[in-house]
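# Notes for the structure review
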Amino acid sequence: MSASHDTYEHLISLLDDSRVDYRLVDHEPEGTTDAVCALRGHPASEAAKCIVLRVKVDRRTTRHVLAVVPGDRRVDLGAVRTLFDARYVGFSDAETAERLARAVPGTVLPFSFDPELEVVADPDVVAQPKLYFNAARLDRSLVISGADYARLALPRVEPIASPAA
């Protein structure tokens, strides 16, 4: 059984146990935000784009952050650096991201099931009436309200998104 399958099952159990309204959307396998939004039929602003970052606070301390921003925006690395008073912030390598997110790139959830991965979500993510994201699978997505997402994922909510390039 793959780690992604376990992550998917963990997510569904969490949602069911919490009695949260959600909807599953099956679609062609896709991991890029714009393409999957087109398949699901909604604007990218309603998608949760999830990126694992490496935050070097000082020489000896590295933290890992799951940044969650609207699908039509990008992560503002400078804002994240300021937030953590860090020396450096960059994208995590694929192997570390996959291990901490327990999902392959393109399927990373806006939830963390690893104590080493702290979730920081932009306020525009938790404000969404409908929030779409891949459900740890390339062929299935999930829709949940931003408020329910915030209540379950307990992200640190901070302005970390900037306009797409």
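The structure under discussion appears in the preceding block.
One structure accompanies this document, and this report is about it. (Residues numbered from 1 in each chain as written. Predicted model: local features only at pLDDT ≥ 70, side-chain atom pairs only at ≥ 80, totals over all residues. Heavy atoms only, no water.)

### Examining the nonpolar core
Rules: Only buried residues count toward a nonpolar core, which is a set of Ala, Val, Leu, Ile, Met, Phe, Trp, Tyr and Cys residues joined through side-chain atoms within 4.5 Å. Partly exposed describes any residue whose relative accessible area lies between the buried limit of under 20% and the exposed limit of over 50%, with all areas from a 1.4 Å probe on protein chains only and scaled to the type maximum. Secondary structure elements follow DSSP: runs of H or I of four or more residues count as helices, runs of E of two or more count as strands, with numbering from the N terminus. For this analysis, residues touch if any pair of their heavy atoms sits within 4.5 Å.
Residues Leu11, Val68, Phe111, Phe133, Ile144 and Tyr149 are the most contacted members of the largest nonpolar core, which totals 32 residues. Per-element accounting of this core gives the leading share, four residues, to helix α1 (residues 3-17). Setting aside anything within four residues of it in sequence, one finds Val68 in contact with Ala48, Lys49, Cys50, Pro110, Val119, Val120, Ala121, Asp122, Val125, Tyr149 and Ile160. In this structure, Val75, Val80, Ala86 and Ala161 belong to the second largest nonpolar core, which totals 14 residues.

### So, the sheet that holds strand β7 (residues 131-134)
The strands that make up a sheet are held in pairs by hydrogen bonds between backbone atoms, and each pair lies either parallel or antiparallel. As a reminder of what qualifies: Two strands are said to pair when DSSP picks up at least two bridges between them. Axes here refer to lines fitted to C-alpha atoms; in helices the fit is confined to the stretch in contact. Angles between the N-to-C directions go from 0 to 180 degrees.
Judged by pairing direction, the sheet is antiparallel, and its three strands sit side by side in the order β1-β8-β7 without closing on themselves. Each edge of the open sheet is held by one strand with a lone partner, namely β1 (23-26) and β7. Strand-to-strand twist across the sheet, computed as the mean angle between neighbouring axes with direction ignored, equals 25°. Where β7 and strand β8 (residues 140-144) come together, four bridges link them in antiparallel fashion. In the sheet register, Asn134 faces β8, and the bridge partner there is Ser141. Helix α2 (residues 33-40) contacts β1, β7 and β8 of the sheet and is inclined by roughly 115° relative to β7.

### Some words on the pairing of strand β6 (residues 117-121)
Counting buried positions along β6 gives four out of five residues, so the element sits mostly inside the fold. Across five bridges, the pairing between strand β3 (residues 62-70) and β6 is parallel. Across the sheet, residue Ala67 finds its bridge partner in β6, namely Val120. Both β6 and strand β9 (residues 156-157) contribute to a ladder of two bridges, which runs parallel. Across the sheet, the residue bridging to Val120 is Arg156, located in β9.

### A closer look at the sheet that holds strand β2 (residues 48-56)
Here five strands make up an open sheet; going across it, the order is β5-β2-β3-β6-β9 and the pairing mixed. The sheet is open, and its two borders are formed by β5 (88-91) and β9, each paired with just one other strand.

### Quick look at unusual backbone geometry
Positive phi values are uncommon outside glycine, yet Arg102 reaches one of about 55°. Mapping Arg102 onto the fold places it in the loop between α4 (94-101) and β6. With a phi angle near 50°, Leu154 is a residue other than glycine that sits in the positive phi range. Note on placement: Leu154 falls in the loop between α6 (146-153) and β9.

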